[in-house]
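# Coordinates in review
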Amino acid sequence: MNRTQEFVDNSESGREVGDSPTRPFLAALFTELESAQVRYCVMHSWDTLPDRIGSDLDLAVDPSDWKKLAAVVAALQGKGYLAVQYRSYAVNGARIDFGWSDRGLQFAAVDLICEYRYSGVTLNSGASLVSQRCWHPRGFWTASPITEFEYMTAKKILKASISEEAQKRLRELADEIPETEALNILEKMFGDDEAEPVWRSMHDGSFPSRLQDLRGKLRKRNWIKHPFSLVRYVAEDLVRLVGRWRRPTGLLLVVLGPDGVGKDTLLSAISERWSVPFRFVRHFHWRPGYVRKLKNFGGAVPEPHKNPPKGTLASVVALGSYVVDYCCANVPLAAFRARSGFVLFNRYFHDLLVDPKRYRYGGPMWLARVCAYLIPPRKRLVLVLDADEATVHGRKMELSLDEIKRQRSEYRRLLRYEGFVQLPADGGVEDVVEKANLLIMGYLSRRFMLRYPEFSPQAIAQKC
C-alpha cells in the first residue's frame, strides 16, 4: 500500500470527512504532497491533525523540493481550495492561506520553511529538519523528537516567549530524547557552560524567565561563529521587504451604497470573518482623516441633505483637501497593507460623485470626476451594494424613494471604474455576506495567480 492510499484509508475511518471543515483540506494537502514527492514534515502540534489546525500548520520542506510545491498548490486549487494569500514572512519561508466555501467560508494557513531563521539568526536547514522525519499513523510525516526539540527550543528562545502548552511539550521532549542528545543540541546553541543549566531550567519551570538572556547569548554565539551571516541575513531580508512593498498582501476594500442598504452590517461581518488571511484590520468612514478629522468620524448622518451646498470656491478648496487627504494617507496605508493589513472603507471619495449634497459640494462635477481618477491606490476592491428602493427606504427613511432611485442609477455608473463590482443586497444578511465573501475570495485568488503564475494548473500542465 502506498502512502497516498494509506492516508485516504485513514482519513475515511472513524469520523466522517464532512464532520470537520479542515479535515478534507488536510487530506488533500498531505495526499498531494506525497503525490508530488515533496519531502516534508509537520514541525509540531500534530495531535489534533487532521481534524483541526491551530493558528496555522508549520511544515518544513527539503530545499530541493521547494519548486515541487507549485504542483501541490495547483492541484489543491483544482479541488476548490483556492490560494488567496502568499506571505513571504522570511527568506526561504512563506505562508499560504487557502480559502474554500463549505458550510460557510473556511480558511487554512500553511507555513512552509526550507530553513529556520529568525531575529538575525539562521539555524536549521529544511534538509536537516526532514532528515529524521517519522510517518504518523494518521497519514502524514512529523518531525522526529530530536528535531522537534531543537526546532522548538530555538524558536521559543529567539521569539523570547513561550506558552504553557509549548513549555509542557518542551519538557516532554526533554524527557523523551536521550539526555546526551539534548545536551549536544544545547551545547551547539550555547556552549558547554550553558547546556546543562538550560536543560535543568526546562524541568524546574525556570525556562521562561531565562528566554531574554538566552536569546542574546544564542544570537551572539551564532554571529561570532558565522561573522558574515548577519550581513547576508540583512541583505536578503531587505530584498524580501522590497518585494512585500511591491506586492502587498493586504487589501483595501470599499463598500458603497445608499443609506439603508446594509453597509455597516456587511463590513462588520467581513471584518470578523477575514481575520485569518489578514493580520490587522482598520476601519474608515468615507475618507482617511489624515489631514483633518471628520467631525462625525465614522458615525451615522441622520439628515444628510439638511445643510445647503457650499459656494463654488469653498467647494473646490474642500475638494482639493479631500484629494490631499487620500494622497497623504496612501503611504501609511500602503505600509499597513504590506504588513497584511485589511483596510475597510464605509463610503469612499467616489461617493461624492453620487451624492454631492451629502458633502455640501457645490463645485463643478467634471472637476470631481477628474479627481476621482487621481485617488490612490489603483488596486482596490469596491463593492457597490444595490437593493430595491422600497427595501432600502424601509430600512432607513432619511431619503425619499425618488432620491434612492436616482442614487442607485448613479452608483451603477461607478462600475466603469477599475475594481468596482455590483453586489445585490435585496436578500437576507447571511446571503449578502456570503456573496461578498465569495467576491473577495475570487478577487484574492485572481490576484494570487497574476502574481504567481507558476502556481496555476495551466503552468503545471505545460511542464508535464
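That block above? That's the structure.
Counting starts from 1 at the beginning of each chain's written sequence and moves along it residue by residue. In view of the model being predicted, local features appear only for residues whose pLDDT reaches at least 70, and side-chain atom pairs are presented and counted only at 80 or more, with totals across whole chains, interfaces and linings using the full set of residues. Excluding hydrogens and water, the side-chain values take into account all heavy atoms of the structure.

## Points about the sheet that holds strand S10 (residues 251–256)
Defined as follows: In this analysis, strands are considered paired if DSSP registers two or more bridges between them. Secondary structure is summarised from DSSP: a helix means a run of H or I of at least four residues, a strand means a run of E of at least two, and numbering begins at the N terminus for each. Comment: axis = line fitted to C-alpha atoms, over the contacting stretch for helices; angle = value between 0 and 180 degrees taken between N-to-C directions. Contacts between residues were defined by any pair of non-hydrogen atoms, one from each residue, lying within 4.5 Å.
Strand order in the open sheet formed by five strands is S11-S12-S10-S13-S14, and the pairing between neighbours is parallel. The open sheet is flanked by strand S11 (280–285) and strand S14 (420–424), the only strands paired with a single partner. Taken over all neighbouring pairs, the strand axes of this sheet differ in orientation by 20° on average, direction set aside. Examined bridge by bridge, strand S13 (residues 381–386) and S14 share five bridges and lie parallel to one another. The residue bridging Val384 from the neighbouring strand is Gln422, located in S14. Set on the sheet, helix H12 (residues 312–338) makes contact with S10, S11 and strand S12 (341–346); between it and S12 the angle comes to about 145°.

## Observations regarding the pattern of salt bridges
Charged atoms that come close allow side chains of opposite charge to pair. Selection criterion: By salt bridge we mean one thing: a side-chain nitrogen of Lys or Arg within 4 Å of a carboxyl oxygen of Asp or Glu. For the exposure calls, accessible area comes from a 1.4 Å probe over protein chains only, and a residue counts as buried if that area is under 20% of its type's maximum, exposed if over 50%, partly exposed in between.
Evaluation of the coordinates by the stated rule reveals 30 salt bridges. Close ionic contact of Glu194 with Lys217 constitutes a salt bridge, the shortest N to O distance being 2.5 Å. Here Glu194, found in helix H8 (residues 192–204), pairs with Lys217, found in helix H9 (residues 211–225); they are 23 residues apart in sequence, far enough to count as distant. Of the charged contacts in the structure, one is a salt bridge between Arg347 and Asp351, with a shortest N-O distance of 2.6 Å. There is no split in this pair, since Arg347 and Asp351 are both buried. One salt-bridge network, in which partners are shared between bridges, spans Arg39, Asp62, Asp65 and Lys68.

## With respect to the pairing of S10
With six of six residues buried, S10 is to be regarded as a mostly interior element. The side-chain alternation of S10 yields two buried faces, one formed by Leu251, Leu253 and Val255 and the other by Leu252, Val254 and Leu256. Here S10 pairs with S13 via four bridges, running parallel. Within the sheet, the bridge partner assigned to Val255 lies in S13 and is Leu383.

## Details of unusual backbone geometry
With the exception of glycine, most residues fall at negative phi, and the peptide bonds are largely trans. The linkage connecting Leu49 with the following residue, Pro50, adopts the cis geometry, with an omega of 0°. Examined against the element boundaries, Pro50 turns out to sit in the loop between strand S1 (40–42) and strand S2 (57–61). At the junction of Pro376 and Pro377, the peptide bond is cis and its omega measures out at -10° in the coordinates. Considering the arrangement of structural elements, one finds Pro377 in the loop between helix H14 (365–372) and S13. The phi dihedral of Gln37 is positive, around 60°, even though this residue is not glycine. Within the fold, Gln37 resides in the loop between helix H2 (23–35) and S1.

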